[in-house]
Amino acid sequence: MRRAILIGILLTGLLSTATGKSSITDARVLRDDTRFTILGPGESRVERSYKVLVLTARGGEYANVMLFYDKFRKIASLKATVTDLGGKVIKRYGTGDGRDYRYGGEELATDMRVKRWKMGPDRYPYIIEVAYREEYKGSLFYPRWDPVPGERQAMESATLTVCDPLNLGVRYKGLNVADPVKAPEGRGWRYTWSVRGIPPRIAGPFDAPWASLPVVYLAPVGFEMEGLKGNMETWEAFGQWIDRLMQGRDELPPEGIARARQLCEGIASPREKARAIYRHVQQTTRYVSVQLGIGGWQPFPARFVDQKRYGDCKALSCYTRALLQAVGIPSYYTLIRAGREAEPLLTDFPSAHFNHVIVTVPLEGDTLWLECTSRVAPLGFRGSFISGRHALMITPEGGRLTRVRDYTGEENVTVTRVSLDIVPGGDVRLGLDRELAGVELEEGHFLAMLERSETERRSWVMDAAHYGNLELQSFRFKPLEGDECPRSGYEVEGLLKGFCPTNGDRLFLTPFVFTTLRDVRFAESDDHVPVEIRYPCTRIDTIAVRLPENSVMESMPGAVALKMAPGEYSIHCYRQGDVCYFVRRFTLHAGRYPAGYGDLKSFFRQVQLHDLSRVVIHRKKDHNG
Amino acid sequence: MNVKCIFDTRLLFIIVATALALPSSAQRVRFKPVTMKEMTMERCDFCPDAKAVVLDRRGEITFTYYPSAGLMYHFAEGVRVKILDASAAGRANVKIRYYSPSASTIENNERVMELKGVTYNLENGKIVTTRLERADIYRTRLNAYTEEVSFALPAVKAGSVIEYSYTRESNYISSLPDWFFQEDIPTLSNELLYILPEYFNFQARMMGEIQPLKREEKRVTTQLNDVTHPGLSVWMRVQEVPPVEEEPYVSNPCDLPFRVEFQLVSVDIPGIPVMHFAGSYRQFNKQLVEDSYFWRPATRGSFPVELKEQVAGMGVEAKIAFLTRWLQERVTWDEKSGITASRGAREILRDGHGSVAEINLALNSLFRQHGLEAYPVVLSTRGHGVIHPIYPNFDDFNYVISAVKTGENAFFLCDATSHTPPGLLPPHCLNGPAWLVSEGGGRFISLETTGGLKQYVSSTVRFENGKRVVNVEVVEQEYAALETRGRVARLGKEGFVEHLKERYAGWTLSNFEFERTPEGLRYLFTLEQEAGAGELLYVTPFPVLPGDAPFKRDTRSALVDFPYGTMMSHTTTIRVPEGYEVEIPEFSEFKFPKRGAACSFVGYMSVEGYVLTLQVMIRQLRYTPDEYPALKAFFDGLSEFSRMVVVLKKR
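Note that the structure is predicted; figures quoted are calculated from it, not measured.

Rules of the game
- Residues numbered from 1 in each chain as written.
- Chains lettered and ligands numbered in written order.
- Predicted model: local features only at pLDDT ≥ 70, side-chain atom pairs only at ≥ 80, totals over all residues.
- Heavy atoms only, no water.
- Helix = DSSP H or I, 4+ residues; strand = E, 2+ residues; numbered from the N terminus.
- Contact = heavy atoms within 4.5 Å.
- Areas by Shrake-Rupley, 256 points an atom, 1.4 Å probe, with all protein chains shown as cover.
- Lys, Arg positive; Asp, Glu negative; His and termini not counted.
- Charge placed at Lys NZ, Arg CZ, Asp CG, Glu CD.
- Buried < 20%, exposed > 50% of the residue type's maximum accessible area, 1.4 Å probe, protein only.
- Axes fitted to C-alpha atoms, helices over the stretch in contact; angles between N-to-C directions.
- Left-handed = near helix turned anticlockwise from the far one by under 90°.
- Pairing = 2+ DSSP bridges.
- Buried area = accessible area lost by both parts, 1.4 Å probe.
- Salt bridge = Lys/Arg side-chain N within 4 Å of Asp/Glu carboxyl O.
- 1 Å grid on protein atoms, 1.4 Å probe; cavity = no way out; pocket = protein on both sides within 12 Å on 5 of 7 lines; lining within 4 Å.
- Points joined across faces, edges and corners; volume = space filled by probe spheres on them.
- Nonpolar A, V, L, I, M, F, W, Y, C, P; charged D, E, K, R; others polar.
- Parallel < 35°, antiparallel > 145°, perpendicular 65-115°, else oblique.
- Core = buried A, V, L, I, M, F, W, Y, C linked by side-chain atoms within 4.5 Å.
- Patch = residues over 30% accessible without salt bridge, like charges linked within 9 Å, V, L, I, M, F, W, Y side chains within 5 Å.
- Disulfide = S-S within 2.5 Å.
- pLDDT = per-residue confidence, 0-100.

A look at the overall build of chain B
Here's step 1: Summing up its helical and strand segments, chain B has ten helices and 35 strands in all.
Here's step 2: When contacts within chain B are restricted to residue pairs at least 6 apart in sequence, long-range pairs at least 24 apart make up 73% of them.
Here's step 3: As displayed, chain B has an accessible area near 28,200 Å², and 50% of this comes from carbon and sulfur atoms.
Here's step 4: Within chain B, one finds 73 positive and 80 negative side-chain charges whose respective centroids are separated by 2 Å.

Shown next, in the form of structure tokens:
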């Protein structure tokens, strides 16, 4: 009987493949149950148990278990059993079978460690059942429940049970999930969420899974870490706890204060003072990550950075703030969830889901957000790392939400001017001049190149030449100018070998190759989570082709003007004397698009198609004009 | 099983510990005081755009005897670096890893001591010293075998000179550390001194991009149990060494830096029989054949008796395929590499998993016990460095396969950890020559003959109802088939079709068919596109060729090293519509000098239509930096075929 049920499930998995809803199911989560129990003000426990049918090698993620631990989290036990579809045990695993590693590798020092169990045979299918228990000391973080498995994995059933038997209080926020069932437990309550029948999905460009997938965030009411008590019911209260961690950490030694004042001597404008301080931090300190114990939340003192000239984001931000304070500029230590694709902060659910610290400098007329770990960022440059999201400023009164300003499509601009001079045989002399502004500076790691050597920049120019076989003659990087919305760029001169294939009197040229969407690949399936374009942009290419003598354009791309919700695209070609101009204009608008790519995919596909437009040039001598 | 157990170091340890003692000479590297010239240096003359330069790196290897702990070696290292640009300040974040097994049963151990660090800055014309404090030094266990000491030197900015030194003490005396003369920033001076007791015969092998080197060797006297005994002192120095360049498509980046590697060849202590280690491949082979962690699992093991009946009457290849599959179905590779096995066939069959050595040595034994003449072959995988052609080093080998002799000089190579068809090794194994271990003395064996990337594309282009319709058939064998099969397994068949659709943007793709064949695989599809019906029709005859040439840079300092050769043939037949004639572009055959790679193209009229055939053959697998421009031109030329246009013109 058991066997029959399992095979039935397997067939269901395979059938969903055949219906074309998704191209393949790599694993099917039969059940996944998590129980979170609050044992005391600073103690809690997570017990998770799941059973997964693994169908392919890619589905093996459930058999590759990684559990993290540190001073505040302990792995109490793990048990796992791998069986075949008939229920025959292939292998059992226990706590001791895990391999122990230091977590990460980027940090100079961290006490975060990981235990990894690599289980399961490489013959499919098989079933894996895993149960583990983790014990938490300190209640700053309660786990986030995110039951939907990865790409191409289906889920039958998942539950989260939160037990608060002592009635200490627990806060929760569910997104895309039904309200919990509440029942009494001990002196307090038990809450249960469940999710069923999630089909497999495919990830793609601009995914915004958090907008549609079920997730439950948990947070304490009162919490404590290493005996430091706090309250998380409001941002204000949480900010007060952070502020307490910072007590006395922003004090500079007298020589540090003197140095800050000396840097700003003769400068009246607060903005220029901030510039002098920020530049000093960039030039004389470096980012070094040390995350030990409560040090993961508490910065090294400004005094330490002043002496050692290094620190992590917390320490460098704290130090920058101290310097600004020394010259009378108020600023705030600010917690943020950084990253190009980071999930948005839940503004109505105070919790400790931050991964980075910056400094907010409220200036008259405008606010500056300072990324203190970057050596090259101009004053107030927010980039894709921190722009367009909420952050928590720590003020003497407590936490206060602020929104780091977005960049607009008019600010994120790439302008490319290309001149192509066709020489006999089909080679082309190239002159390329590209200007980048705003977040567009990050394209192709250009911003990082600004602090590299000429040799490395030269290699970068050649490696980035996907537009043709470039014989590089010269290049030049432009200086970085501007603050919040900086500009820079580069110029390239060289020969594009075999750029125009020839056939008798005809030359063929594909002009729209200098800016493309060649790396954006959408899945065929429309069965999809919502998408979000966070970083709008405008990219304008003007390609000027000098025709060889006595030649005409035999075939030119017609004018194109696409205007759709996600963006606009146009192609416009004209001739002046013996030069033909091809103008390509591409605009991407910021916004969220509901499930299914719809317009966005259609827009990108049309652009990709038009970018392939080819020009035929005919030498006239055989045609007598 | 770590390679460190390959010979009984414990025995060696006991013998040498009781037989000899050297004066304690563990000395930290000490530099001369930093100079004003170093402090005011603004750029590196021989590498003007460097952001940092190694002013001096020094190493000293010496042996010491402790009555309590026995014989140790000390490796003292000191580094002084000039920070020319603030962007290079990260050089002052230092991590030193050392062997430190957590299991107390392993006797070999290392520790890092006498760590000192300092930063010098020029302030108001004076040199200001900031020292590394003990509280800012961190020790972390990375895994069961390795620990790390890490620190960040303080007060570093543009213009700083940073300096640190430490000593690593080790009782793992049979393996001395490699010493690097070259790194990713330029080096002004780098020197190594090693003093070895005469009884230890280490071979010091110069590896990587050879640079001019000064070397002095002299006999010295050392103290042994109050008696003076001879020793050997070697000093080497390089100056003005350029940095190692970071380049794409380097299969063994670890082979690039100029360095010296040590291999213990023999220990010859008076009164004790000479102990030989791997000074030559002959000795290396002997060592492996005598090693109970290698030869025993490769030749012995118990397997079910019914297997004998099942393979009875099978031909050699069928038997190989059957036995390989039998083992593959029962054990999974746990991703551990190495060449020695701590468990035999019985244990891995019981546990269902094993290291590459455990699985493939068991495979070798399985072959032997079923009448096949099989030998284990040890090799170094891509990325792990190419093995030395004359001097073997145990640490250089990290993988084992099994070779079944099928003819006088013919072998069938098998790897039961991967899912490649029998006889075709996974590409990570194809990294230069390998060593076949046999009772008779062993031999080098080339793995490069095991297969190639074989792709045969034939397509027919016709014009119908204003559309250009192309029927494409792709036949793939060996590594081409392996790559496509891997992609289909990863993406699923539908995902593979999507991948093709992306590749042929601008076309409508239909009629996809896919089948496995005994030789590999075959797939078919149809592409359609609007063509118009004017005076001129255009055809791109080789759309399947990749349009992007792989080599972008104009010069290169590392070898280009392909794992396997390539044989491609693309044939396109254009059905010329009534009333049209064909104009084809001029293209001539081009070859790589010395015929290592060749590309030929022909076009002719046949009854079917106009036929264009492009053939590409790449035989030579390694290309030196001198050959690189010609290789780049070859691939650039090949990429031009993807853009080639044939014109059909109305008569």
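A word on the overall build of chain A
Here's step 1: Counting its regular elements, chain A contains ten helices and 39 strands.
Here's step 2: Counting only C-alpha atoms and orienting by the principal axes, one finds that chain A spans roughly 100 × 80 × 40 Å.
Here's step 3: In chain A, buried positions account for 56% of the 625 residues.
Here's step 4: Pairs at least 24 apart in sequence give 71% of the contacts found in chain A among residues at least 6 apart.
Here's step 5: Carbon together with sulfur atoms contributes 50% to the accessible area of chain A, which is approximately 25,900 Å² in total.
Here's step 6: Charged side chains in chain A number 85 positive and 77 negative. The centres of these two groups are separated by 4 Å.

With respect to the packing of helix H4 (residues 270–284) of chain A against helix H6 (residues 313–326) of chain A
All names here are of chain A.
Here's step 1: It is the contact of H4 with H6, at a shortest axis distance of 10 Å, that shows an interaxial angle of 145°. Where H4 crosses over H6, the handedness of that crossing is right-handed. For the pair H4 and H6, the contacting residues are Ala 274, Ile 277, His 280 and Val 281 in the first and Tyr 319, Thr 320, Leu 323 and Leu 324 in the second.

Considerations on the sheet that holds strand E3 (residues 64–69) of chain A
Pairing between the strands of a sheet is mediated by backbone hydrogen bonds and can be parallel or antiparallel.
All names here are of chain A.
Here's step 1: Taken together, three strands build an open sheet; the order of strands is E3-E8-E6 and the sheet is antiparallel. Two strands lie at the open edges of the sheet, namely E3 and strand E6 (99–102), each paired on one side alone. Ignoring which end each strand starts from, the neighbouring axes of this sheet average 25° apart.

Overview of the interface of chain B and chain A
Here's step 1: Chain B puts 69 residues into the contact, and the matching count from chain A is 71 residues.
Here's step 2: Summing both sides of the interface, chain B and chain A together bury roughly 5,300 Å²; the carbon and sulfur share of this comes to 44%.
Here's step 3: In this structure, the connection of chain B to chain A is made through eight salt bridges.
Here's step 4: Linking Glu 148 of chain B and Arg 102 of chain A is a salt bridge whose minimum nitrogen-to-oxygen distance equals 3.2 Å.
Here's step 5: Elements supplying a minimum of two residues to the side of chain B that touches chain A: strand E3 (93–99), strand E6 (137–141), strand E7 (146–152), helix H9 (478–503), strand E27 (536–539), helix H10 (628–643) and strand E35 (646–650) of chain B.

Description of empty space enclosed by the protein
Residue and element names in this part refer to chain B.
Here's step 1: Scanning all chains against the criterion turns up seven cavities of 30 Å³ or more.
Here's step 2: Of the volumes computed, that of the second largest cavity is approximately 50 Å³.
Here's step 3: Every residue lining the second largest cavity is listed: Glu 247, Pro 248, Tyr 249, Pro 550, Phe 551, Lys 552, Arg 553, Thr 555, Arg 556 and Tyr 628.
Here's step 4: Residue composition of the lining of the second largest cavity, grouped by class: five nonpolar, one polar and four charged.

Examining the environment of Phe 36 of chain A
Residues and elements named next belong to chain A.
Here's step 1: Structurally, Phe 36 is set in strand E1 (residues 27–40).
Here's step 2: Sequence separation of Phe 36 and Pro 143 is 107 residues, and the distance between their C-alpha atoms is 8.2 Å.
Here's step 3: Once residues within four sequence positions are removed from consideration, Phe 36 is found in contact with Ser 44, Arg 45, Val 46, Tyr 142, Pro 143, Thr 161, Val 162, Cys 163 and Leu 218.

A look at the packing of helix H3 (residues 254–263) of chain A against H4 of chain A
Residues and elements named next belong to chain A.
Here's step 1: In the contact formed by H3 and H4, the axes pass within 9 Å of each other and the chain directions differ by 125°. If you check the angle between H3 and H4, you find them oblique. Here the hand of the crossing between H3 and H4 comes out right-handed. Together, Arg 259, Ala 260 and Leu 263 of H3 and Ala 276, Ile 277 and His 280 of H4 make up the contact between the two elements.
Here's step 2: For the contact of H3 with H4, the per-class residue count stands at four nonpolar, one polar and one charged.

Comments concerning the sheet that holds strand E30 (residues 580–583) of chain B
All names here are of chain B.
Here's step 1: What the three strands build is an open sheet, ordered E27-E35-E30; its pairing is antiparallel. Each edge of the sheet is formed by a strand with only one pairing partner; in this case those strands are E27 and E30. Sheet twist, expressed as the mean angle between neighbouring strand axes with direction ignored, is 25°.
Here's step 2: In this structure, E27 lies alongside E35, joined through four bridges in antiparallel fashion. Bridge pairing in E35 places Tyr 538 opposite Val 647.

Some words on the environment of Arg 429 of chain A
Residue and element names in this part refer to chain A.
Here's step 1: Relative to the elements of secondary structure, Arg 429 occurs in strand E27 (residues 428–437).
Here's step 2: For Arg 429, a relative accessible area of 43% puts it in the partly exposed group.
Here's step 3: Taking the C-alpha atoms as reference points, Arg 429 and Glu 493, 64 residues apart in sequence, are found 7.7 Å from one another.
Here's step 4: Excluding residues within four positions of it along the chain, Arg 429 makes contact with Ser 419, Leu 420, Asp 421, Val 423, Gly 494 and Leu 495.

Let's talk about the pairing of strand E33 (residues 610–618) of chain B
Residue and element names in this part refer to chain B.
Here's step 1: Counting buried residues in E33 gives seven out of nine residues, a clear majority hidden from the surface.
Here's step 2: Where strand E32 (residues 597–605) meets E33, nine bridges bridge the pair, whose relative direction is antiparallel. Opposite Phe 601, over in E33, you have Leu 614 as the bridge partner.
Here's step 3: Hairpin geometry of E32 and E33 is characterised by an intervening segment of four residues between the two adjacent antiparallel strands and by a positive phi of about 150° at Gly 609.

Quick word on the pattern of salt bridges
Residue and element names in this part refer to chain A.
Here's step 1: Taken as a whole and assessed by the stated rule, the structure comprises 81 salt bridges over all chains.
Here's step 2: Here Glu 129 makes a salt bridge to Arg 31, at a shortest N to O gap of 3.1 Å. One end of the pair, Glu 129, is in strand E9 (residues 126–137); the other, Arg 31, is in strand E1, and 98 residues separate them in sequence.
Here's step 3: On the basis of relative accessibility, which here comes to 26%, the residue Glu 129 falls in the partly exposed class.

Let's talk about the nonpolar core
Here's step 1: Residues Leu 420, Leu 430 and Phe 514 of chain A are the most contacted members of the largest nonpolar core, which totals 96 residues.
Here's step 2: When residues of this core are assigned to their parent elements, the largest contribution, seven residues, is made by H6 of chain A.
Here's step 3: The next biggest cluster of nonpolar side chains, apart from the first, holds 71 residues, and it includes Leu 453, Val 497, Ala 531 and Phe 634 of chain B.

Re a nonpolar patch on the surface
Residue and element names in this part refer to chain B.
Here's step 1: Together, Met 36, Leu 122 and Ile 127 make up a nonpolar patch on the protein surface, roughly 220 Å² of accessible area in all.
Here's step 2: Topologically, Met 36 is positioned in helix H2 (residues 36–40).
Here's step 3: Its relative accessible area of 40% is what places Met 36 among the partly exposed residues.

Things to note about the state of the cysteines
All names here are of chain A.
Here's step 1: Taken as a whole and judged by the stated rule, the model has zero disulfides over all chains.
Here's step 2: Left unpaired, Cys 313 is separated from the closest cysteine sulfur, that of Cys 372, by 9.3 Å.
Here's step 3: Free of any disulfide, Cys 573 has its nearest neighbouring cysteine sulfur in Cys 580, separated by 8.3 Å.
Here's step 4: Cys 573 gets classed as buried once you look at its relative accessible area, which sits at 17%.

Side note on the confidence of the model for chain B
All names here are of chain B.
Here's step 1: For chain B, the average pLDDT comes to 88, and 94% of its residues sit at 70 or higher.
Here's step 2: A low-confidence stretch, residues 1–11 stays under pLDDT 50, and its non-local contacts, those more than four residues away or across chains, total 26 contacts.
Here's step 3: Counting contacts from residues 17–24, a segment whose pLDDT is below 50, to residues more than four positions away or on other chains yields 29 contacts.
Here's step 4: Both scores are available for the predicted complex, with the pTM at 0.90 and the ipTM at 0.89.

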